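Now for the letters of each chain:
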Amino acid sequence: MAILITGGAGFIGSHTCIELLNEGYEIIVVDNFSNSKPESLKRVCEITGKSIMIYYLDLLDSESLEKVFLVNQIEAVIHFAGLKAVGESVKESLKYYKNNITTTIIICDLMQKYSVKKLVFSSSATVYGLPDTVPISEEFPLKALNPYGRTKLMVEEFLQDIFISDNEWSITILRYFNPIGAHESGLIGEDPSGTPNNLMPYITKVAVGQLKVLNIFGNGYSTKDGTGVRDYIHVVDLANGHVAALDKTLKSTGVNIYNLGTGIGYSVLEVVSAFESATGVKIPINITHPRPGDAAICYADPMKAEKELNWIAKKSIHDMCADSWRWQSRNPNGYKINEELENPRLIQSEDFLIPNN
Ligand code: WQD
């Protein structure tokens, strides 16, 4: 029996593949590589010495996706695939609703048809909007402030309705805080296309000399040093949170929701200084205006996950900075391999194991 992982070539997906393979799971990845590279999965196999069945397809192509359910014995699904840039979601909201909601309906429909009713869903702390207080627990009011966040919230709501209609389902919803860092090998990591929106990939691009200066979005917040505070969690801790969540999902029924964070908030300036001390690389900064929609402070109360999943984030902000830097310094162009830099080409479907059926 295999675990089907949608978006398994992505930043969090690829790290979760490693932890699942190390735990002895058989995994199948479905990815359209719209925001990731097949190279990440080749390196997952290199790191673990294990193989992965990869289907290069778009989840909106329900006919092809159904073949994956037909030819494989699937025990559960971990659904990472989706678009996740807040700013882009404002400009292209329909694309976000189509990609984040329609695909999840297609997946759940096929899961129901093939009696695969175990699902781990990748949600986000963005569903809490601008919290009045911190730390944030799962009972906090939900208020998504952008189309991206609304897609996550809408999916969370219809997943709960699916369980009400059919209580054989076991659904675990994971609300991520701020995933950063990389696998200790330096072989896989965060590889955003274009100029990074998020803090850590922006810092590592400055450190590697591809960007000149880190613009800090405002220093007038009522925080320790005026800059925004977030709950940064190492992507490997987050990946292990998925392994713990899958274990519980396989053994139970019902809908369970967990914050995956460290419970510790760091300001932007604290992250910069942690990066400089962990790597010895100086990061030039420039204070600019606040980014519209940004919360001043956002960090988790991770107690529920610690108790019910027997999971806790173990890695420090130093580990997150050192591991991020190892990945970026060894892969200044991310997964773009040399020939791709010279003559970029579309990945051909024959590049992947596509079973004849
Ligand atoms: C962190 C802090 C910025 C960049 C976003 C999404 C959220 C989730 C995680 C998907 C903030 C500051 C950032 C920069 C800066 N993604 N910053 N200069 O906004 O907390 O969360 O990513 O689920 O949905 O909203 O993360 O890394 O963008 O910002 O000063 O160039 O760094 O103001 O205080 P954020 P972030």
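Source: prediction; values computed, not measured.

### Some thoughts on the pairing of strand 1 (residues 2-6)
And step 1. Across the five residues that make up strand 1, a large majority, five, are buried.
And step 2. Burial along strand 1 is two-sided: Ala 2, Leu 4 and Thr 6 facing one way and Ile 3 and Ile 5 facing the other are all buried.
And step 3. Two elements, strand 1 and strand 2 (residues 26-31), share five bridges in a ladder whose sense is parallel. Paired with Thr 6 across the two strands is Val 30, which belongs to strand 2.
And step 4. Following the chain from strand 1 across helix 1 (residues 11-22) to the adjacent parallel strand 2, one finds a crossover that is right-handed.
And step 5. Examined bridge by bridge, strand 1 and strand 4 (residues 74-79) share five bridges and lie parallel to one another. Of the residues in strand 4, the one forming a bridge with Ile 5 is Ile 78.

### A closer look at the environment of Ile 312
And step 1. Its place among the elements puts Ile 312 in the loop between helix 10 (303-308) and helix 11 (317-330).
And step 2. Taking the C-alpha atoms as reference points, Ile 312 and Asn 240, separated by 72 residues in sequence, lie 8.9 Å from one another.
And step 3. Setting aside chain neighbours within four positions, we find Ile 312 in contact with Asp 237 and Glu 306.

### Quick notes on the sheet that holds strand 14 (residues 297-298)
Either a parallel or an antiparallel arrangement is found when strands of a sheet pair, and the pairing is made through backbone hydrogen bonds.
And step 1. What the three strands build is an open sheet, ordered 12-9-14; its pairing is mixed. The open sheet has two free edges, formed respectively by strand 12 (266-267) and strand 14, since each of these has just one partner strand.

### Considering the confidence of the model for the protein chain
Where the model shows low pLDDT, its predicted coordinates should not be examined in detail.
And step 1. In this model, the protein chain carries a mean pLDDT of 95, and residues with pLDDT of at least 70 account for 94%.
And step 2. This stretch, residues 353-357, has a pLDDT under 50; its non-local contacts, to residues over four places away or in other chains, come to eight contacts.

### With respect to the side chain of Ser 137
And step 1. Examined against the element boundaries, Ser 137 turns out to sit in the loop between strand 5 (118-124) and helix 6 (147-165).
And step 2. Ser 137 gets classed as buried once you look at its relative accessible area, which sits at 14%.
And step 3. Apart from residues no more than four positions distant in its own chain, Ser 137 is found in contact with Tyr 128, Asn 259 and Asp 301.

### Things to note about the site of the ligand
And step 1. Surveying the vicinity of the ligand reveals 19 residues, the closest of which are Tyr 148, Leu 199, Arg 230, Arg 291 and Asp 294.
And step 2. Measuring from an oxygen atom of the ligand, one finds a side-chain N or O atom of Ser 124 at 3.0 Å.
And step 3. Burial of the ligand by the protein amounts to 89% of the accessible area it has alone, namely 680 Å².
And step 4. Broken down by secondary-structure element, the contributors of at least two residues to the shell around the ligand are helix 7 (199-207) and strand 8 (214-217).
And step 5. The leading source of residues in the shell around the ligand is strand 8, at four residues.
And step 6. Among the residues making up the shell around the ligand, the classes are represented as nine nonpolar, seven polar and three charged.

### Describing unusual backbone geometry
And step 1. Each neighbour pair has its own omega, and for Val 134 with Pro 135 the value is 0°, a cis peptide bond.
And step 2. Tracing the backbone shows Pro 135 in the loop between strand 5 and helix 6.
And step 3. In this structure, Phe 33 takes a positive phi of about 55° despite not being glycine.
And step 4. Residue position: Phe 33 is located in the loop between strand 2 and helix 2 (38-48).
And step 5. We classify Phe 33 as buried; its relative accessible area is 10%.
And step 6. At Ser 115, a residue that is not glycine, the phi angle is positive and equals roughly 50°.

### Focus on the pattern of salt bridges
And step 1. Tallied over the entire structure, the rule returns twelve salt bridges.
And step 2. With its nearest N and O atoms 3.0 Å apart, the salt bridge here joins Arg 43 to Glu 39. Placement of both Arg 43 and Glu 39 in helix 2 is noted, with a separation of four residues, approximately one turn of the helix.
And step 3. For Arg 43, a relative accessible area of 9% gives the class buried.
And step 4. With its nearest N and O atoms 3.6 Å apart, the salt bridge here joins Glu 88 to Lys 95.
And step 5. Overall, Glu 88 belongs to the partly exposed group, its relative accessible area being 27%.
And step 6. Via salt bridges that share partners, Glu 88, Glu 92 and Lys 95 belong to a single interconnected network.

### Points about helix 5 (residues 93-113)
And step 1. The terminal C-alpha atoms of helix 5, which comprises 21 residues, lie 29 Å apart, in line with the 30 Å expected from a rise of 1.5 Å per residue.
And step 2. Among all positions in helix 5, only Tyr 96, Asn 99, Asn 100, Ile 101, Thr 103, Thr 104, Ile 106, Ile 107, Cys 108, Leu 110 and Met 111 are buried.
And step 3. Packing partners of the buried residues in helix 5 comprise strand 1, helix 3 (62-71), strand 4, helix 4 (86-91), strand 5 and helix 6.
And step 4. Ser 115 sits one or two residues past helix 5 and shows a positive phi near 50°.

Procedures and definitions
Residues numbered from 1 in each chain as written. Predicted model: local features only at pLDDT ≥ 70, side-chain atom pairs only at ≥ 80, totals over all residues. Heavy atoms only, no water. Buried < 20%, exposed > 50% of the residue type's maximum accessible area, 1.4 Å probe, protein only. Helix = DSSP H or I, 4+ residues; strand = E, 2+ residues; numbered from the N terminus. Pairing = 2+ DSSP bridges. Right-handed = clockwise from strand over helix to strand, strands pointing away. Contact = heavy atoms within 4.5 Å. pLDDT = per-residue confidence, 0-100. Near = heavy atom within 4 Å. Polar contact = N/O pair within 3.5 Å; in protein donor to acceptor, adjacent residues only side chain to side chain. Areas by Shrake-Rupley, 256 points an atom, 1.4 Å probe, with all protein chains shown as cover. Nonpolar A, V, L, I, M, F, W, Y, C, P; charged D, E, K, R; others polar. Salt bridge = Lys/Arg side-chain N within 4 Å of Asp/Glu carboxyl O. Expected span 1.5 Å × (residues − 1).

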